[in-house]
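Below, each chain spelled out in residue letters.
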Amino acid sequence: MPKPGSAPSPAPSLASAVALAVLLTTQPAAAQDALPDSLTGTKGDPARGRAIVADRRRGLCLLCHSGPFPEERFQGTLAPDLSGAGARLSEGQLRLRIVDARRLVPDTIMPSYFKVEGLTRVAPAFQGKPVLSAAEIEDVVAFLTTLRD
Amino acid sequence: MRRLALALALVVLPAEADDRRSGFDVMGPDTQAMQQDDTANPGILWVRDGEALWTRADGGKSCAACHGAVESMRGAAARYPVFDGAPLSLEQRINRCRTTHQGATPLAYESQELLALTAVVAHQSRGLPITPDADPHLGAVRAEGERLFRQRQGQLDLACSQCHDDNAGKRLAGNLIPQGHPTGYPVYRLEWQGMGSLQRRLRNCQGAVRAEPYAYGSAELVALEAYLMARAGGMPLETPAVRP
């Protein structure tokens, strides 16, 4: 986890978070395991996504997960290995797991990366901001789909 | 009612197999050796400082003027927090003595002097089992502490219990998640390169989940302390502990 006083995440994207709330509630029942549509309307960039996933202050992913990052020491053992995630899960399934993993596992420790409401005592530097912006989430999703084995 | 029963049950030491582990039990052998050797344990410097402060007449009277030798504090820290008009942590007790009995000013949280006095008092209980105070007022305080322990907080929306009850023993990046027992405070933490109180530790964990930390001395932190000490009831005190 970041140390207190570490740099806050980039720019707030409240508008897109609100748009997402609409999106989530209007998904057809059959698609509840996935969020098929891009949050930004465009495809993310896998190289940027890889950098976010590996960055312990932005993506935070490797605090909990391990994955195919030979250069990264001290990966977490709290969550499934990310290797092969793109083979196990569709793009839409991956997106939903980043946006709001709690929809699938209500008591999971995996943070909901696009959530800004219903939180308690958020530190001032992070108030009203999701952990990652819509564009960052699309980058992460684009990267995860490349993890085929 | 169930809450209260639960809180009271906590005071009774568990009879069944005990799988509680102090941070000491799960840290590396080098750090364990450092804690156990008084000539290598940096926390001992604060204890020595505290011994000097114990006999210094601040505001006209020293601690020793009322209490005698610091050894008279044996067992005291093992009971804290206590209830005396309000829930009171050990630091708050020391500051209350300063203002009401010594006519001195309260010491700031995390100041060298308050850490030193807390360390020397808690050191007198080294090796003694944590013995949560039986004052019935503390039941509600512990129940509130447990509620806070189980409440998700911060931008990452995680509760203390999710790490320390559900995932202790696993690794958060390079760090082994301990069960979170307050067995050695104040501790010398290698990452801090210094001594810190239990409240500093709890505020650090809040910062890690991007929550706004409770203020030093707040009712919330004292309630969490009371819950954690009851949860660790029976485990030996180690002050001054060393932690990674």
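What counts as what
- Residues numbered from 1 in each chain as written.
- Chains lettered and ligands numbered in written order.
- Predicted model: local features only at pLDDT ≥ 70, side-chain atom pairs only at ≥ 80, totals over all residues.
- Heavy atoms only, no water.
- pLDDT = per-residue confidence, 0-100.
- Contact = heavy atoms within 4.5 Å.
- Salt bridge = Lys/Arg side-chain N within 4 Å of Asp/Glu carboxyl O.
- Helix = DSSP H or I, 4+ residues; strand = E, 2+ residues; numbered from the N terminus.
- Buried < 20%, exposed > 50% of the residue type's maximum accessible area, 1.4 Å probe, protein only.
- Buried area = accessible area lost by both parts, 1.4 Å probe.
- Polar contact = N/O pair within 3.5 Å; in protein donor to acceptor, adjacent residues only side chain to side chain.

Side note on the confidence of the model for chain A
Point 1. Mean pLDDT over chain A: 86, with 79% of residues reaching 70 or higher.
Point 2. Here residues 1–15 of chain A is modelled with pLDDT under 50, and outside its nearest four sequence neighbours on either side it reaches 31 contacts, counting other chains as well.

Points about the pattern of salt bridges
Point 1. Enumeration according to the criterion identifies 26 salt bridges over all chains in this entry.
Point 2. Among the ionic pairs, A:Glu138 bridges to A:Arg95, the shortest N-O distance being 2.8 Å. Note that A:Glu138 is positioned in helix α6 (residues 134–144) and A:Arg95 in helix α5 (residues 91–100), a separation of 43 residues in sequence. Both residues of the pair, A:Glu138 and A:Arg95, count as buried.
Point 3. Note that A:Arg102 is salt-bridged to B:Asp157, the shortest N-O span being 2.7 Å. Of this pair, A:Arg102 sits in the loop between α5 and α6 while B:Asp157 sits in the loop between α8 (137–149) and α9 (160–164), placing the two residues on different chains.
Point 4. With relative accessibility at 11%, the residue A:Arg102 sits in the buried group.
Point 5. When salt bridges with common partners are traced through the structure, they connect A:Lys43, A:Glu91, A:Arg95 and A:Glu138 into a single cluster.

Notes on the interface of chain A and chain B
Point 1. Counting residues at the interface gives 33 residues for chain A, matched by 26 residues for chain B.
Point 2. Taken together, the two surfaces of chain A and chain B that pack against each other cover about 2,500 Å², and 56% of this comes from carbon and sulfur.
Point 3. Our count for the contact surface shared by chain A and chain B stands at two salt bridges.
Point 4. Between A:Lys115 and B:Asp157 there is a salt bridge, with its nearest N and O atoms 3.5 Å apart.
Point 5. Scanning the region where chain A abuts chain B turns up 13 residue pairs in polar contact (both at pLDDT 80 or more).

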